[in-house]
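So the chains spell out like this:
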Amino acid sequence: MTSRRDFLKTAAIGAVAAAGTSRIARAESLLNPWSSDTGDPMANEVALSAIQAAKDAGASYSDARVGRYRRQFIAAREHQITGVNDSESFGIGVRALVNGAWGFAATRDVSREGAVRVAQQAVKVARAARAVTHTPVVLAPTPAVKGSWRTPVQQDPIDVPIEDKVALLLAANEAALKVPGVRFANSGLALLREEKTLATTDGTLITQTFVRVGPSFTVTAIGDGDFQSYTEEMAPRGSGWEYVTSLDMVGNAPKWAAIAAEKLTAKSVDVGRYDLILDPTNLWLTIHESVGHPTELDRARGYEANYAGTSFVAPPEKMIGKLKYGSRLMNIQADRIQQDSLSRCAWDDEGVAAESWLLIKDGMFHDYQTVRDQAPAIASLNGVNHSHGCSFADSWDTVQFQRMPNVSLLPGNADTTIDDIIADTDRGVVIKNRGSWSIDQQRYNFQFSGQVFYEVRKGKITGMLKDVAYQARTPDFWGSMDMIGGKRSYWLGGTFSDGKGEPGQSSSVSHGCVPARFRQVNIINTARSV
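What you see is a predicted model; the values in this text were computed from it and never measured.

How would you summarise the sheet that holds strand 13 (residues 364-365) if you had to cite specific residues and measurements?
Spatially, four strands are ordered 13-12-11-16 in an open sheet, and the strand pairing comes out antiparallel. A single partner strand is all that each edge strand has here, and the edge strands are strand 13 and strand 16 (406-409). Sheet contacts for helix 7 (residues 280-292): strand 11 (332-335), strand 12 (356-361) and strand 16; angle to strand 16, the most-contacted strand, approximately 115°.

Go over the packing of aromatic side chains with me, naming the residues and quoting the values.
In this description, an aromatic ring pair is defined by two values, namely the gap between the centres and the angle between the planes. Applying the stated criterion to the full structure yields 14 aromatic pairs. Ring geometry for phenylalanine 446 against phenylalanine 448: centres 5.1 Å apart, planes inclined by 65°, an arrangement best described as edge-to-face. Both residues of the pair, phenylalanine 446 and phenylalanine 448, belong to the buried class. Seen from their ring centres, phenylalanine 446 and tyrosine 470 are 6.5 Å apart, and the 90° between their planes marks the pair as edge-to-face. Placement of the pair is phenylalanine 446 in strand 18 (residues 445-457) and tyrosine 470 in strand 20 (residues 468-473), with a sequence separation of 24 residues. For the pair phenylalanine 446 and tyrosine 470, one class covers both residues: buried.

Account for the pairing of strand 10 (residues 272-278), with residues named and values stated.
Along a regular strand, successive side chains alternate from one face of the sheet to the other. Burial of strand 10 is extensive: five of the seven residues sit out of reach of the surface. Summarising the sheet, strand 10 and strand 24 (residues 516-525) pair through six bridges and their orientation is antiparallel. Bridge pairing in strand 24 places leucine 278 opposite alanine 516. As judged from the four bridges shared by strand 10 and strand 17 (residues 427-439), these two strands associate in the parallel manner. Residue pairing in the sheet places leucine 276 in a bridge with valine 429 of strand 17.

Could you give me a rundown of the confidence of the model for the protein chain, with the residues and numbers involved?
For the protein chain, mean pLDDT is 93; residues scoring 70 or higher make up 93% of the total. Contacts for the low-pLDDT stretch residues 1-27, under 50 throughout, to residues beyond four places or in other chains number 23 contacts.

Can you lay out helix 3 (residues 112-129) for me, pointing to particular residues and giving the numbers?
Along its 18 residues, helix 3 runs 26 Å from first to last C-alpha, staying within 8% of the 26 Å computed at 1.5 Å per residue. Three or more residues of helix 3 are buried, namely Gly114, Ala115, Val118, Ala119, Ala122, Val123, Ala126 and Ala129.

Outline the environment of alanine 129, listing residues and values.
Looking at the secondary structure, you find alanine 129 in helix 3. Residue alanine 129 is classed as buried on the basis of its relative accessible area of 18%. A C-alpha to C-alpha distance of 21 Å links alanine 129 and isoleucine 92, two positions 37 residues apart in sequence. The residues contacting alanine 129, other than those within four sequence positions of it, are Ala101 and Trp102.

I'd love a proper account of the packing of helix 2 (residues 41-56) against helix 3, names of residues and values included.
It is at 8 Å that the axes of helix 2 and helix 3 come closest, and there the two elements cross at 35°. Handedness of the helix 2/helix 3 crossing: right-handed. Mapping the contact onto sequence places Glu45, Val46, Ser49, Ala50, Ala53 and Ala54 in helix 2 and Arg112, Ala115, Val116, Ala119 and Val123 in helix 3. In terms of residue class, the contact of helix 2 with helix 3 is built from eight nonpolar, one polar and two charged.

Conventions we followed
- Residues numbered from 1 in each chain as written.
- Predicted model: local features only at pLDDT ≥ 70, side-chain atom pairs only at ≥ 80, totals over all residues.
- Heavy atoms only, no water.
- Pairing = 2+ DSSP bridges.
- Helix = DSSP H or I, 4+ residues; strand = E, 2+ residues; numbered from the N terminus.
- Contact = heavy atoms within 4.5 Å.
- Axes fitted to C-alpha atoms, helices over the stretch in contact; angles between N-to-C directions.
- Phe/Tyr/Trp six-rings, centres within 6.5 Å; stacked < 30°, edge-to-face > 60°.
- Buried < 20%, exposed > 50% of the residue type's maximum accessible area, 1.4 Å probe, protein only.
- pLDDT = per-residue confidence, 0-100.
- Expected span 1.5 Å × (residues − 1).
- Left-handed = near helix turned anticlockwise from the far one by under 90°.
- Nonpolar A, V, L, I, M, F, W, Y, C, P; charged D, E, K, R; others polar.

Structure follows, in structure tokens:
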């Protein structure tokens with residue numbers, strides 16, 4: 001038996017040893033992020049004690065997650081730092097299945113005794129929950145796995161001194177403020193290191209370490225009684241500090257600031273129907289909202305109706321293989337394996353191996369996002385008897401449930417670029433970077449804007465526009481897509497924080513896509529008064 005004091009002492013010794021070999025470990029992880037090593041033996045012991053205690057108390061299945069989360073947020077405005085938050089959280093969460101009902105409990109007491117107590121609490125919660133569980137939980141089978149995985153990075157961003165991060169943000173702001181007309185500059189960094197050990201009564205014992213970075217930069221220009229802002233689309237990634245430095249925020253800040261200043265002279269758009277050309281920096285968010293969320297099976301079955309919403313892709317028996325979602329050019333892939341993506345892992349929070357699959361195939365709805373207690377419900381419809389591995393919890397003290405994997409529009413076969421699409425368009429609008437958006441609970445009617453807009457006439461860009469937003473119904477919009485880019489124009493966007501669940505949880509997810517053209521989409525003027 002290991003006491004909590006012994007556990008912490010051993011962990012501290014381990015941390016010192018790890019620091020001494022961290023450089024070698026990182027180099028090895030870049031070459032091979034997988035390992036047969038199951039991670040920290042102390043975390044393993046605590047997690048295994050928890051699931052054994054749940055089993056002894058009557059659970060037919062149990063899993064335990066020991067998690068350590070280090071989060072940093074740094075924000076700068078003009079010449080000053082407006083916020084620094086550096087936090088660490090450590091604990092264990094246990095889930096227990098008793099008579100077909102789930103129970104969950106969590107504690108900061110990461111000792112063997114604490115793990116046993118919290119497992120017994122989870123079993124009590126499950127017994128109580130049985131009275132309000134209408135359909136007993138059935139889990140799709142998954143093979144037991146053992147091993148470890150970590151995000152391949154060259155430099156862990158948490159290890160970079162705060163002073164270096166602050167200096168980077170202030171230097172970027174300073175460079176932007178030198179551009180005539182620019183009055184305000186905001187920059188920031190969101191950084192995460194997540195270490196997670198999972199044990200299940202199915203025999204799984206795994207440890208994973210995730211690293212994510214999320215830089216941001218916005219400038220505002222003022223002139224002639226107007227003001228315009230521009231936010232650069234710096235996609236968050238499942239990468240190390242080397243990704244942040246590759247963005248060259250200081251070197252690019254004047255270029256981004258000049259775009260804000262140029263927006264002051266842009267022409268306000270005339271309303272009407274245009275051929276809409278979306279750059280990947282804008283399209284990724286439309287994919288997230290109009291494809292990612294409605295293909296979540298819990299939404300489609302009504303389990304998120306009281307908070308996140310439902311889905312127009314319901315009921316499953318009338319949708320799988322029957323719903324025409326878009327044009328034949330539309331192939332949407334879900335995955336948890338894409339390099340540098342935010343949702344990348346080796347296994348999900350139920351120990352299911354990461355995979356890729358099609359949500360939309362040749363424009364037809366093909367499949368949903370699932371976890372183990374969802375997959376059996378649609379197995380007779382999609383022919384898939386296993387979970388797609390979408391289980392995730394944002395902390396040790398929150399229960400895992402179905403979250404969005406990476407959801408991406410696959411490239412076309414031809415080597416088409418956005419310049420080729422513009423050259424093929426007689427009258428259109430190009431939109432880049434994400435802006436404001438609004439979408440209904442079923443994800444059927446939506447409106448999206450962007451950061452920069454360009455008018456296209458007879459195959460050429462003729463000037464910058466402003467006050468642009470596009471409106472459509474989801475199937476109509478995707479059905480109008482008649483031209484898409486090839487592999488060379490693929491770009492990976494995403495969001496560091498995507499909310500769902502009640503109590504709410506946050507996850508990070510990437511969306512890759514290519515530029516695409518949508519015929520005769522309704523464009524509105526956001527500055528026009530009614």
